[in-house]
Amino acid sequence: MTQAPTPTADTVRRLVRSLLKDSPPGTGGPEVRPVTDGGHSTWWIGTRHVLRLAPDRDASTRGRRELRLRDLVRPHVPVTVPTSVAQGEWAPGLAYTLDTRVPGGSAEEHDVSAVGEADLAGLLTGLREVPVRQAEALGVPRVGPRSLEALRREADRAAERLHAADEFDPARLQQLTSPAAVQLAAQPGSAVLVHHALTGEHLVISADGRVRGVLDWTDTVVGDPAEDIAGLALAVGSPAAVRAATLAGYGARPCLRGLWLARCDTVIRLAAGLDGPAAEPLPLLRTRLRRAWEAILLERVTELRDEETDDAEL
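Residues numbered from 1 in each chain as written. Predicted model: local features only at pLDDT ≥ 70, side-chain atom pairs only at ≥ 80, totals over all residues. Heavy atoms only, no water.

Enquirer: I would appreciate a short explanation of the pattern of salt bridges in the present structure.
Expert: Side-chain pairing between opposite charges can occur once the charged atoms of the two side chains come close. All chains considered together, the criterion is met by 26 salt bridges. Note that aspartate 216 and arginine 52 form a salt bridge whose closest N and O atoms lie 3.6 Å from each other. Linking aspartate 216 in the loop between β9 (211–214) and β10 (221–223) with arginine 52 in strand β3 (residues 49–53), this pair joins segments that are 164 residues apart in sequence. Among the salt bridges present, the one from arginine 152 reaches aspartate 156, with a minimum N-O distance of 3.4 Å. Here aspartate 156 and arginine 152 lie together in helix α5 (residues 148–164), a separation of 4 residues that amounts to about one turn. (Salt bridge = Lys/Arg side-chain N within 4 Å of Asp/Glu carboxyl O. Helix = DSSP H or I, 4+ residues; strand = E, 2+ residues; numbered from the N terminus.)

Enquirer: When you look at the packing of helix α7 (residues 226–236) against helix α8 (residues 238–247) in this model, what are you seeing that I'm missing?
Expert: Angle between the axes and distance between the axes are the two parameters that describe a pair of packed helices. The contact between α7 and α8 brings their axes to 7 Å, and the two run at 140°. Considered as vectors, α7 and α8 are oriented oblique to each other. As α7 packs across α8, the resulting crossing turns out to be right-handed. Residue-level contacts link Ile229, Leu232, Ala233 and Val236 of α7 to Ser238, Ala240, Ala241 and Ala245 of α8. For the contact of α7 with α8, the per-class residue count stands at 7 nonpolar, 1 polar and no charged. (Axes fitted to C-alpha atoms, helices over the stretch in contact; angles between N-to-C directions. Parallel < 35°, antiparallel > 145°, perpendicular 65-115°, else oblique. Left-handed = near helix turned anticlockwise from the far one by under 90°. Contact = heavy atoms within 4.5 Å. Nonpolar A, V, L, I, M, F, W, Y, C, P; charged D, E, K, R; others polar.)

Enquirer: Honestly, helix α10 (residues 282–292) in this entry has me stumped. Any pointers?
Expert: Note that an α-helix has 3.6 residues per turn; residues three or four places apart therefore point the same way. Three or more residues of α10 are buried, namely Leu285, Arg288, Leu289, Arg291 and Ala292. Along α10, the residues classed as buried sweep out an arc of 165° about the axis, all on the same side. For α10, the elements touching its buried residues are α5, α7, α8 and α9 (252–275). (Buried < 20%, exposed > 50% of the residue type's maximum accessible area, 1.4 Å probe, protein only. Arc of directions from axis to C-beta.)

Enquirer: Please clarify how the packing of aromatic side chains should be interpreted in this entry.
Expert: Working definition: an aromatic ring pair is given by the centre-to-centre distance plus the angle between the planes. The tally for this structure, following the rule as stated, stands at 2 aromatic pairs. Taking 5.5 Å as the distance between ring centres and 90° as the angle between the ring planes, the aromatic pair formed by tryptophan 260 and tryptophan 293 counts as edge-to-face. Taken together, the positions of tryptophan 260 in helix α9 and tryptophan 293 in the segment after α10 put the pair 33 residues apart, joining distant regions of the chain. Under the relative-accessibility criterion, tryptophan 293 is labelled buried at 6%. Following the ring pairs from residue to residue traces out a cluster consisting of Phe168, Trp260 and Trp293. Stacked on the ring of tryptophan 44, the Lys or Arg arginine 101 has its end atom at 3.7 Å from the ring centre. Cation over ring: arginine 263 sits above tryptophan 260, and NZ or CZ is 5.0 Å from the ring centre. (Phe/Tyr/Trp six-rings, centres within 6.5 Å; stacked < 30°, edge-to-face > 60°. Lys NZ or Arg CZ within 6 Å of the ring centre and 35° of its normal.)

Structure representation (structure tokens):
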């Protein structure tokens, strides 16, 4: 297989000059610089645009699907979904999209306010309203729910590694018993459109704590809504995530399931980061673990009714 080229600043400048014809003569076009979190695949273009370059054919396929999916999602959610002003191929078989930049910072830079939590609730509500069949017709994959019991066992092993490094008390995981993991299994008929990457860098937050936009829809699936609740727990903390999910109409079962997905994931990922090169910086992994393990009042709920009907049906 042919090795994909590595985009350089010159590559990006040439492409941008061909796309943005309104640059003042003699200026060489807007400033281009790589987005730190995106490596060489995502570039800031001046102050108004962001250029995303697919590094391989699989990413190209997901990127092209994302453009159609964003159009489907946009009418249903109260926050900004990026708009593409140009798209094509930057190298043979490798797609690009030039998007309008959504103003604001990330959830790693700004705290979400109470009104921002209502924005998140609107996002979760809107995702549940997107017609699943239309999303699947665009190629959005359907993914089954993860086993919380299997994740609990893996987190138990990871917690011992963190305990040896004085990073985490494994006794905290004892709150999630095997029967509780079974009780919090995803319910049949609960699949909805799931962003599946609601991490801090994908939430655009204004200085006043409002959620202004959601970025990067390439990992979106039809699946377990608790995954997005879990993502929000990592981004804004468990209490805010559960409050937003409750405002969106989700009951105790999916909220607690999302909470424990987030908690187990953060334990596993931090242990893996300590054992070898981490995909994300250790300080960020520690911050996410702290956010996921923030206590919530809902944890006092000890029984869930079998007839609970708080999940959306297809």
